[in-house]
Amino acid sequence: MPEKFMKVIPFTMKWEGGLSDDPADTGGLTKYGVCQEFLADCAERHPEWLKQVGVSDTGNIRSMVRTLSKPQAEELFRLAFWDPYRLDELPLAVAACVFDMNVNHGGGNAVRIAQRACNRALTGDPLAVDGKMGPKTRAALALMGTDTGIEALCEARRAFYRQIVDARPSQRVFLKGWLNRTDDLERFAGGLL
């Protein structure tokens, strides 16, 4: 596994926790941060990932989630949210922020959050907020490995969480935990600078 990934994954897994099936959680049944929808998407679009990590595709997604091991979840996250975004090429603190957002929000949302943060923290031509990790976004993120950059990434994430709650007030029950996670991420990433 990539060295940078190995430094970052313990933080994310600490916050993802174990088995959960909270009816208020839009993710549904989740184990180690792997929700039913994500695992079903992997089974449909990337069955080679399931085979690679040793997850048996039984066709029963709930059963697959329940039997998932922590190392399997970590490897699925690497395959889905680290490697395709080439996070090894970014400063470690920035990679930690983008990865944790990828796992929690999905890649498109995470990249849009990061693009908004870059637009606030950096001068020059603003990035298109399109959710695509193209060369301009990657170049901007390479410049975000500073206290100001990490603060901007985390503040953009806090704004995203608040937008979720504004759009779906039933999610307010999770807001304190989400903000605590972001505060912890800001401290963790700051320590990686």
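Heads up: the structure comes first, above all this text.
Please read all numbers here as calculations on a predicted model, not as lab measurements. (Residues numbered from 1 in each chain as written. Predicted model: local features only at pLDDT ≥ 70, side-chain atom pairs only at ≥ 80, totals over all residues. Heavy atoms only, no water.)

Draft legend 1. Broad picture of the sheet that holds strand 2 (residues 30–31). Ordered by their spatial adjacency, 3 strands build an open sheet running 1-2-3, and the pairing between neighbours is antiparallel. The two strands at the open ends of the sheet, each matched to only one other strand, are strand 1 (19–20) and strand 3 (34–35). Pairing between strand 2 and strand 3: 2 bridges, direction antiparallel. Within strand 3, the position partnered with Lys 31 by the bridge is Val 34. (Pairing = 2+ DSSP bridges. Helix = DSSP H or I, 4+ residues; strand = E, 2+ residues; numbered from the N terminus.)

Draft legend 2. The layout of surface pockets, seen in detail. A volume near 1,200 Å³ is recorded for the largest pocket. Lining the largest pocket are 40 residues, and of these Gly 27, Cys 35, Val 103, Asn 104 and His 105 sit closest to its centre. Contributions of two or more residues to the lining of the largest pocket are made by helix 1 (3–16), helix 2 (36–45), helix 5 (70–82), helix 6 (92–105), helix 7 (107–121), helix 9 (147–167) and helix 10 (172–191). If you tally residues by element for the lining of the largest pocket, the top one is helix 2, at 5 residues. (1 Å grid on protein atoms, 1.4 Å probe; cavity = no way out; pocket = protein on both sides within 12 Å on 5 of 7 lines; lining within 4 Å. Points joined across faces, edges and corners; volume = space filled by probe spheres on them.)

Draft legend 3. Structural detail: the pattern of salt bridges. One pass over the full model with this rule turns up 15 salt bridges. Notably, a salt bridge pairs Arg 78 with Glu 75, separated by 2.5 Å at the nearest N-O pair. Pair noted here: Arg 78 and Glu 75 are both in helix 5, with a separation of 3 residues, about one helical turn. Its relative accessible area of 12% is what places Arg 78 among the buried residues. Among the residues examined, Glu 75 registers a relative accessible area of 12% and is labelled buried. Salt bridges sharing partners connect three or more residues here, namely Glu 155, Arg 158, Arg 162, Asp 183 and Glu 186. (Salt bridge = Lys/Arg side-chain N within 4 Å of Asp/Glu carboxyl O. Buried < 20%, exposed > 50% of the residue type's maximum accessible area, 1.4 Å probe, protein only.)

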